[in-house]
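# Structural characterization, general
Here's the letter readout for the chains.
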Amino acid sequence: MMMGSIRQRLGRAVFNWSLRRSPRLKKLTLSQRRIYIVPSRSGFVFLLLLLIMLVLGINFQNNLMFAVTFLLASLFIVTILHTYANLSGLTIQFVRGHGCFLGEQAAFDLLLTAQGQRQYESIQLRLHQHSGCAVDLLDDRQRNLTLYQTPDRRGVFQPNALLIESYYPLGLFRAWTWVQTDLNALIYPRPVAGGQLTDLRAIDSTNPFPGQQSERLGGEEFAGLEPYQPGMPLRRVAWKQFARGQGMHVKHYVELNDERRWLSWALWPELDTEARLSRLTWWVLQLHARGDDYGLMLPGCTISPAQGEAHRLRVLEALACFGLQAGASDATGLPVDEVDTSGASEVEDKANPSTLSHIQRQRSAQESGL
Amino acid sequence: MMPLFQLTRSSMIWLLVSILMVMAPYITVVPSWLFLLALLTIGWRLMVHSGRWSFPHWSVRLALMLLVLIGLIAELRQNTMMVVTVGLLISAFLLKLTEMYRRRDALVVIYAAFLLIVCSFLFDQSIPMALYAVGSLIVVTASLNTVFRSQQNNDIWRPLKRSAVLYLQALPMMLILFLIFPRIGPLWQVDMNAGQSFTGLSDSMSPGDVSQLTRSADIAFRVRFDEPLPAEKLRYWRGLTYDQFDGRRWRRSDRPREADRQRSLMPQYQGVEGPSTNVESFSYLLTMEASGQRWRYGLDVPVNYPGKFRQLDDLTLQAGQRLMQRQQYRLMSRVGPIPETLSAKDVARYLQLPAQGNAQSRELALTWAAQYSEAKDVSAQMLRFFATDFRYTLEPPLLGQTDAIDQFLFQTQRGFCGHFASAGVMLLRAAGIPARVVGGYLGGELNPLDGALTVRQYEAHAWLEYWDKSDASWHRLDPTAVVAPSRLAQSAAQLFSTEPTFLADAMLMRNGFLSDSLLKQIRLRYEAINYDWHRWVLNFHERQSGFLQQLLGDISVLKILLLIMFPGALVLSWVAFSLLRHRGARKDKLLEALEQLDKRLITANLQRRQGEAMRSFFARLTPALPALASEFEILSRCYEQICYAQDADPELRRQFKASIDRCCERLPKLHPVEAGAQGVTDGT
């Protein structure tokens, strides 16, 4: 118990010291300045085994026992170099963090690059204690991988220091390093269902921008022709024009829609801040899926109704950062926008409600590979 | 909920191979039911691995464990503690297989395998065994490697290669450690191999015992002389003397006394009158096989011997412990009579005979005693007696319980050296001459390849020594020499080759299989290597200090440290270099050629941009260098054909290269442009 606590404290001290001397970097190549190496627990057991063998050798005056003991002892020493070489020269690039909803796992993309023709085996990367993945870089020189961490609150989330470790080849030594990842992910509030569509209508009367209409696809009004692209529904093809030899077109219908909805902070006064944000987030997803126009009104932040992916992200971002210190996102030196626009296209399909299961699928695939 | 540690296929294969390899040397040692256990547990583990069975229930494991414990305790009655301990280790190792869930469990099995490899040297230390152990080490290490590999990597041979490389790199340092590590005496007394049976002489002898030894071709000891070898008739290897006779068996006295340390043998011997040409001394290195006995063999009378031995008053050597392992020692011996002044008590001891029995023999002896006064005349008379009608044979007729010597001397008259020696001593003692039976070996086969003499069990011999009070010395007398004079001149192998029981336990040697010229050469070569193996490896602890002195001169801590540090550092830096050497990725030939062009373009800031596709690169160049437009067209076409259409036609590569060369030739002198002036339009 006592030993355990000393061990833990020592481990923490080394960890903090190591982080102090490693600034956040976009890209980093592991070298002797970074890699720590000590015998692992099984390495110490191995030393004990060697001691037993040595005593056997001495007691039976058996020189072959001595020989094997010494062979294993030098193996132990040579392994230091092999374990160290299994990390050194490896380059890690922090590519991007993917936003997610609170309760999901934030994904962070990394790129590992081998040095020259060297081969790396069984390198373990972990952001936190219980999950991680093991990577080989044998024939391929580069490898993309995604690590996951469950954020504990909304807003700009920075993952833990990344632990890169290796026990290869014989598990006698543990070579490791901690790296401060230069990655951020925007964590949106957890979507929680609640409220009625009619609640939003009720607020409609307070619409500060009345009279604006938006077009919505798939309505009744004929809006014109557009060139046919493979995959467009055949029943909407303008066959008449096609028969006249004017090329293949589809008829484009829109629905004129003036149901611009406002998601307002004031909607559900009975809920506390996080619950309100959660409900608003859920409605953002709903309205986005319906293709409605929606706007957001938060204290100190108003986003006029619009639709589309960029709009959705803007709204979600506002929800994510609501009430947090303005400095929170500046502290990283990166404007929040930059974080999620860089991953915009990925975020698009990750942020729909099936994301959670998608990520979990990925994660379980990673873990089964451990 | 413990995550199930699923061994990869390669891990499983290597683990099973290592278990089989590690257990194989124990086949002859541990009880055979342990191998049944091995089959059971390995089979079960395989079934678990293939998903057909589950791990055995804890009650099954407990039952197995109890059964094994009971079995091992039962074995304790027949086997030694050592064997049972090893058996315990093996069964723990096997039972662990049935509960190997996690990586840690696999590690327990692998570490136990390392320990078992080391323990197998308790039972066999031959060269093949050592090589085999190296093989096992590599395989066990390979399976250790598989445990620490990522699960996706299932390449079956890679761990073996990796492990072999590791051992190659570890080898130099191991040699240094082996040479330097101080060999200290055992930390505590271990009684190993008690109960193991040895062939060889024992501390009591009945006449037929020696002929039993001729069934075996086992090696008793090997000798390498510094100088020329002693003549064949002088190669009497004394082991022990028997002085107590009970009518049937000869024993050595219960408490052998130590020789008087002050008794200086060499000078005193030279002072004795007699043909001084007999005085010969030999120094030699003797490697004795495990005999389970405390005496050590030496040529005739050892005068110089290691301090750990005692010399008894019969001038044989005695060590503190039973010899359970091959041992090497250096001796100097001299050949010839052994001077000793016997006290009255000693004379009585060497005249001891049973109170009655063998009346006929006693009578004969008394007539000789009346006839001759000198001991050497009596002994000569005895030899003449033996020379008459006696025959030397490995299969003498059985003798009765009483008056066995009478029966031998006057009825059967056929016997082996033991019979002659024992009857001879009995006759001399009856005639009042102190005498004793000597047990040892006679002869030895010379290996011309390394000059070593190999003495085998079938060369076991018994002769006698009598004390002549006229010169106060013991003299050797070998009745066998007169009965079968050829025994001294030729090897026992030649002499007995027609006797059916000779080498009955070593058929290969007996049938001349190993005495054919070619095979004999091979056998001799093997024995020569084996001898060096024993001398340099198995007995290195005996030679270490001498060797280090030879290597370093005076041994000092500094020198030892340097000897460790310098080669150690050298080896490690070589390993580090080979591991960490920055080997650039192999470049594509096309890109290499393209680089030539790129270098020329760099002045005009026209070089290829990071990530720029080949076609757009050349498209960008075309307006800048219109003269080369056609070449650029060729280049981009070739490149795309090679890289994207996977066209392996070497002609394309040749074209590409030629076109690059033409471009470089015809490239006009480019003027440096300010960065940005031209580059900014196409760079993004």
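What comes next concerns the included structure. What you see is a predicted model; the values in this text were computed from it and never measured.

## Structural notes on the overall build of chain B
Scanning chain B from N- to C-terminus turns up 26 helices and 20 strands. In chain B, which comprises 684 residues, the share counted as buried stands at 51%. Summarising the internal contacts of chain B: among those between residues at least 6 apart in sequence, 73% fall at separations of at least 24.

## Let's talk about the overall build of chain A
In terms of helices and strands, chain A carries eleven helices and 17 strands. Per-residue burial for chain A yields a buried fraction of 51% across its 370 residues. Put simply, of all contacts in chain A between residues at least 6 apart along the chain, 68% involve residues at least 24 apart. Per element, the accessible surface of chain A, about 17,400 Å² overall, is 54% carbon and sulfur.

## Some remarks on the interface of chain B and chain A
If you look at the interface, chain B gives 59 residues, while chain A gives 52 residues. With both chains or domains summed, chain B and chain A bury close to 5,300 Å², and 70% of this area falls on carbon and sulfur atoms. Glutamate 121 of chain A serves as the salt-bridge partner of arginine 158 of chain B, at 2.6 Å between the closest nitrogen and oxygen. Inspection of the region where chain B meets chain A yields 13 residue pairs in polar contact (both at pLDDT 80 or more). When residues in the side of chain B that touches chain A are grouped by element, the largest group, eleven residues, is from helix α7 (residues 158-180) of chain B. Partitioning the side of chain B that touches chain A into residue classes produces 38 nonpolar, 14 polar and seven charged.

## Quick look at the environment of glutamate 542 of chain B
Along the chain, glutamate 542 of chain B falls in helix α20 (residues 540-552). C-alpha of glutamate 542 of chain B to C-alpha of tyrosine 329 of chain B: the two residues are 213 residues apart in sequence and 7.8 Å apart in space.

## Thoughts on the side chain of serine 122 of chain A
Here serine 122 of chain A is to be found in strand β6 (residues 120-128). Here phenylalanine 148 of chain B takes part through its backbone oxygen, which lies 3.2 Å from a polar atom of the side chain of serine 122 of chain A. What serine 122 of chain A contacts, discounting residues up to four positions off in sequence, is Asn86, Val135, Asp136, Glu165, Ser166 and Tyr168 of chain A together with Phe148, Arg149 and Ser150 of chain B.

## A short note on the packing of aromatic side chains
Residues and elements named next belong to chain B. On inspection of all chains with the given rule, the structure shows 49 aromatic pairs over all chains. Centre to centre, the rings of phenylalanine 309 and tyrosine 329 are 4.9 Å apart; their planes meet at 85°, and the pair counts as edge-to-face. Placement of the pair is phenylalanine 309 in strand β10 (residues 309-311) and tyrosine 329 in strand β12 (residues 327-335), with a sequence separation of 20 residues. Plain terms: the ring middles of tryptophan 368 and phenylalanine 385 are 5.6 Å apart, the flat faces sit at 70° to each other, and that makes the pair edge-to-face. Here the residue tryptophan 368 occupies a position in helix α11 (residues 359-371), and phenylalanine 385 occupies one in helix α12 (residues 375-389), the gap between them amounting to 17 residues. Looking at tryptophan 368, the relative accessible area reads 3%, which means it is buried. Look at phenylalanine 385 and you get buried, because its relative accessible area is 16%. One aromatic cluster in this structure is built from Trp368, Phe385, Phe386, Phe390, Tyr392, Phe408, Phe410, Phe416 and Phe420. If you follow arginine 183 out to its NZ or CZ, it ends over the ring of phenylalanine 178, 4.7 Å from the centre.

## Focus: unusual backbone geometry
In this structure, the amide linkage connecting tyrosine 168 of chain A to the following residue, proline 169 of chain A, adopts the cis form with an omega of 0°. Tracing the backbone through its elements, the reader meets proline 169 of chain A in the loop between β10 (162-166) and β11 (173-179). Even without being glycine, leucine 315 of chain B reaches a positive phi, approximately 65°. Locating leucine 315 of chain B in the fold gives a position in the loop between β10 and β11 (317-319). Although it is not a glycine, asparagine 358 of chain B sits at a positive phi angle of roughly 55°. Summarising the element assignment, asparagine 358 of chain B is placed in the loop between α10 (344-350) and α11. The class for asparagine 358 of chain B is buried, based on a relative accessible area of 4%.

## Looking at the nonpolar core
The tendency in soluble globular proteins is for nonpolar side chains to be buried side by side. Ranked by size, the top nonpolar core spans 90 residues in total, and within it Phe46 and Leu72 of chain A together with Ile90, Phe93 and Phe114 of chain B carry the most contacts. At 14 residues, the largest contribution of residues to this core is made by helix α3 (residues 63-85) of chain A. Formed jointly, this core draws a minimum of three residues from each of two domains, domain 1 (9-180) and domain 3 (554-581) of chain B. Each residue touching isoleucine 90 of chain B, except ones within four places of it in the same chain, is listed here: Met23, Tyr26, Val30, Leu34 and Leu116 of chain B. Within the second largest apolar cluster, 71 residues are counted, among which are Trp368, Phe385, Ile405 and Leu477 of chain B.

## Looking at the pattern of salt bridges
Pairing is possible between side chains that carry opposite charge, provided their charged atoms lie close to one another. Residue and element names in this part refer to chain B. Taken as a whole and judged by the stated rule, the model has 26 salt bridges over all chains. Between lysine 96 and aspartate 105 there is a salt bridge; the shortest N-O distance is 3.2 Å. For arginine 666, the salt bridge identified is with glutamate 631, shortest N-O distance 3.4 Å. In this pair, arginine 666 is assigned in helix α25 (residues 650-666) and glutamate 631 in helix α24 (residues 629-643), connecting sequence segments 35 residues apart. Residues participating in the shared-partner salt-bridge network are Arg61, Lys96, Glu99 and Asp105.

## A word on the sheet that holds strand β8 (residues 298-299) of chain B
Residues and elements named next belong to chain B. Spatial ordering of the open sheet is given by β8-β3-β16-β19-β20-β13, a layout of six strands whose pairing is antiparallel. In the strand order of this sheet, the two ends are held by β8 and β13 (338-339), each with one partner. The sheet contact formed by strand β16 (residues 435-442) and strand β19 (residues 460-468) spans seven bridges and is antiparallel. Looking at β19, one finds that valine 437 is bridged to leucine 464. Of the strands in this sheet, β3 (236-242), β16, β19 and β20 (473-477) touch helix α14 (residues 417-430), which is tilted by about 15° from β19.

## A short note on helix α13 (residues 404-412) of chain B
Residue and element names in this part refer to chain B. Of the positions making up α13, those classed as buried are Ala404, Ile405, Asp406, Gln407, Phe408 and Leu409. Contacts from the buried residues of α13 go to β4 (244-245), α11, α12, β15 (414-415) and α14. Once α13 ends, the next one or two residues include glutamine 413, with phi positive near 55°.

## Focus: the sheet that holds strand β2 (residues 219-225) of chain B
Residue and element names in this part refer to chain B. Here six strands make up an open sheet; going across it, the order is β9-β12-β6-β2-β18-β17 and the pairing antiparallel. What marks the edges here is a single partner per strand, and that holds for β9 (301-304) and β17 (445-447). Taken pair by pair, the neighbouring strands of this sheet meet at an average axis angle of 40°, ignoring direction. Sheet topology places β17 next to strand β18 (residues 452-456); three bridges connect them, and they run antiparallel. Bridge pairing in β18 places leucine 446 opposite leucine 453.

Rules of the game
Residues numbered from 1 in each chain as written. Chains lettered and ligands numbered in written order. Predicted model: local features only at pLDDT ≥ 70, side-chain atom pairs only at ≥ 80, totals over all residues. Heavy atoms only, no water. Helix = DSSP H or I, 4+ residues; strand = E, 2+ residues; numbered from the N terminus. Buried < 20%, exposed > 50% of the residue type's maximum accessible area, 1.4 Å probe, protein only. Contact = heavy atoms within 4.5 Å. Areas by Shrake-Rupley, 256 points an atom, 1.4 Å probe, with all protein chains shown as cover. Buried area = accessible area lost by both parts, 1.4 Å probe. Salt bridge = Lys/Arg side-chain N within 4 Å of Asp/Glu carboxyl O. Polar contact = N/O pair within 3.5 Å; in protein donor to acceptor, adjacent residues only side chain to side chain. Nonpolar A, V, L, I, M, F, W, Y, C, P; charged D, E, K, R; others polar. Phe/Tyr/Trp six-rings, centres within 6.5 Å; stacked < 30°, edge-to-face > 60°. Lys NZ or Arg CZ within 6 Å of the ring centre and 35° of its normal. Core = buried A, V, L, I, M, F, W, Y, C linked by side-chain atoms within 4.5 Å. Domains from an automatic or database assignment. Pairing = 2+ DSSP bridges. Axes fitted to C-alpha atoms, helices over the stretch in contact; angles between N-to-C directions.

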